[in-house]
Amino acid sequence: ASDALVMRGHSIFEDRGTHIVQRTPSEPRFWFGNQVIFRALPDAAGDALDAFSTAFPQAPHCVISFDLPQPEVPRWWADLPGFAAEHTEVLVLDGAIRGPALPSGLVLRQIVGDSDWAQVVALQHAVSLSQGYTPGPAHSHYIDAKFARIRAACAQGGFAWFGVFDGSVLAADMGIAWNHRIARYQSVETHPDYRRQGICAALLVHVLGHAQAQSPEAMPVILAEKDGAPGRIYRRAGFRHRETLLSLVKEGY
């Protein structure tokens with residue numbers, strides 16, 4: 001539900017009975033925007049691969065996800081060479097959010113204008129390199145297309161992006177989308193020079209306050225890699241585990 005919220009107006013969700021096909025025509029390099037989502041574990045690897053290849057016959061990547069609360073990695077995963085099993089925790093906030101004040105000298109404000117958005121995109125590129133993605137046109141195109149979509153969504157409403165600035169330099173940024181039901185955080189990134197200062201935790205509080213001012217009944221949702229450091233930050237802020245998502249992923253580059 002939160003993915004559909006974030007991708008509204010861009011992703012198409014096609015019900016194929018045993019599975020859902022999510023496709024994002026404007027972003028073919030967005031792996032998780034072009035995937036198949038099963039409602040139950042298929043009996044064999046071939047069933048999963050056939051569903052994906054039927055939906056995306058030309059795609060260099062493959063993402064097979066499972067819309068189950070706590071899915072187990074299927075036994076037939078060993079028959080999928082080149083795939084990684086990715087576990088993503090869905091965390092929700094039931095009470096008040098907790099977080100520190102912003103460190104002295106930094107300014108938190110909404111992202112506006114060409115210069116701000118250019119810094120957001122540049123930070124995304126820099127963080128991707130630190131995460132091991134090989135620089136190249138495919139990944140650059142993915143990031144550029146993603147933030148062109150996000151900037152347009154912010155202009156339309158129900159979506160906002162915020163940055164923490166040290167003078168004119170972007171130290172961290174974070175987005176959020178919301179409707180009457182869900183407020184979903186997006187793309188939390190902090191420049192390596194500004195980590196371990198509580199900036200991310202401060203952003204969590206401010207960004208949620210903006211969304212709740214528009215939609216006070218929305219349930220805050222954030223996704224985090226299982227057992228990763230960001231998840232520990234979110235838990236200290238008051239988030240708790242709701243479910244774990246499983247995807248079998250073969251990267252496209």
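Residues numbered from 1 in each chain as written. Predicted model: local features only at pLDDT ≥ 70, side-chain atom pairs only at ≥ 80, totals over all residues. Heavy atoms only, no water.

Enquirer: I tried to follow the sheet that holds strand S6 (residues 107-110) on my own but got confused; where do I start?
Expert: Each strand in a sheet pairs with its neighbour through backbone hydrogen bonds, running either in the same direction (parallel) or in the opposite one (antiparallel). Overall, mixed pairing links the 11 strands, which are arranged S1-S2-S3-S4-S11-S5-S10-S9-S8-S7-S6 in an open sheet. Of all the strands in the sheet, just strand S1 (12-15) and S6 have a single pairing partner and so form its edges. Ignoring which end each strand starts from, the neighbouring axes of this sheet average 25° apart. Sheet topology places strand S8 (residues 169-178) next to strand S9 (residues 182-190); 6 bridges connect them, and they run antiparallel. Paired with alanine 172 across the strands is threonine 190, a residue of S9. (Pairing = 2+ DSSP bridges. Helix = DSSP H or I, 4+ residues; strand = E, 2+ residues; numbered from the N terminus. Axes fitted to C-alpha atoms, helices over the stretch in contact; angles between N-to-C directions.)

Enquirer: What exactly am I supposed to notice about the nonpolar core here?
Expert: Side chains of a nonpolar character, in soluble globular proteins, are inclined to be buried together. Among the nonpolar cores identified, the biggest contains 27 residues, and Ile176, Tyr185, Tyr234 and Phe239 are the most heavily contacted of them. Where this core is concerned, the elements lending two or more residues are strand S5 (84-93), strand S7 (159-166), S8, S9, helix H5 (199-214) and strand S10 (219-225). The element contributing the most residues to this core is H5, with 7 residues. Once residues lying within four places of it in the same chain are set aside, the contact partners of phenylalanine 239 are Leu91, Val92, Leu93, Ile97, Tyr185, Pro220, Val221, Ile222 and Tyr234. By size, the runner-up hydrophobic cluster in this structure holds 24 residues, among which are Met7, Val90, Ile111 and Ile143. (Core = buried A, V, L, I, M, F, W, Y, C linked by side-chain atoms within 4.5 Å. Buried < 20%, exposed > 50% of the residue type's maximum accessible area, 1.4 Å probe, protein only. Contact = heavy atoms within 4.5 Å.)

Enquirer: Help me understand the pattern of salt bridges in this model?
Expert: Two side chains carrying opposite charge are able to pair once their charged atoms lie near each other. One pass over the full model with this rule turns up 9 salt bridges. Salt-bridge contacts for arginine 23 lead to glutamate 14; the nearest nitrogen and oxygen are separated by 2.8 Å. Measuring nitrogen to oxygen at the nearest pair gives 3.1 Å for the salt bridge that ties glutamate 89 to arginine 235. Placement of the pair is glutamate 89 in strand S5 and arginine 235 in helix H6 (residues 229-236), with a sequence separation of 146 residues. Overall, glutamate 89 belongs to the buried group, its relative accessible area being 8%. When its relative accessible area of 34% is taken as the criterion, arginine 235 is described as partly exposed. (Salt bridge = Lys/Arg side-chain N within 4 Å of Asp/Glu carboxyl O.)

Enquirer: Looking at this structure, how should I read H5?
Expert: In an α-helix, one turn spans 3.6 residues, which is why side chains three or four residues apart end up on the same side. Over its 16 residues, H5 runs 23 Å from end to end, which matches the ideal 22 Å to within 8%, given 1.5 Å per residue. Within H5, the full set of buried residues consists of Ile199, Cys200, Ala201, Ala202, Leu203, Leu204, Val207, Leu208 and Ala211. (Expected span 1.5 Å × (residues − 1).)

Enquirer: Is there a simple way to explain the side chain of aspartate 116 in this structure?
Expert: Along the polypeptide, aspartate 116 turns up in helix H3 (residues 113-130). If sequence neighbours within four positions are ignored, aspartate 116 has contacts with Arg109, Gln110, Ile111 and Phe165.

Enquirer: Explain a negative patch on the surface here, please?
Expert: Together, Glu86, Glu225, Asp227 and Glu251 make up a negatively charged patch on the protein surface. Looking at the secondary structure, you find glutamate 86 in strand S5. (Patch = residues over 30% accessible without salt bridge, like charges linked within 9 Å, V, L, I, M, F, W, Y side chains within 5 Å. Areas by Shrake-Rupley, 256 points an atom, 1.4 Å probe, with all protein chains shown as cover. Lys, Arg positive; Asp, Glu negative; His and termini not counted. Charge placed at Lys NZ, Arg CZ, Asp CG, Glu CD.)

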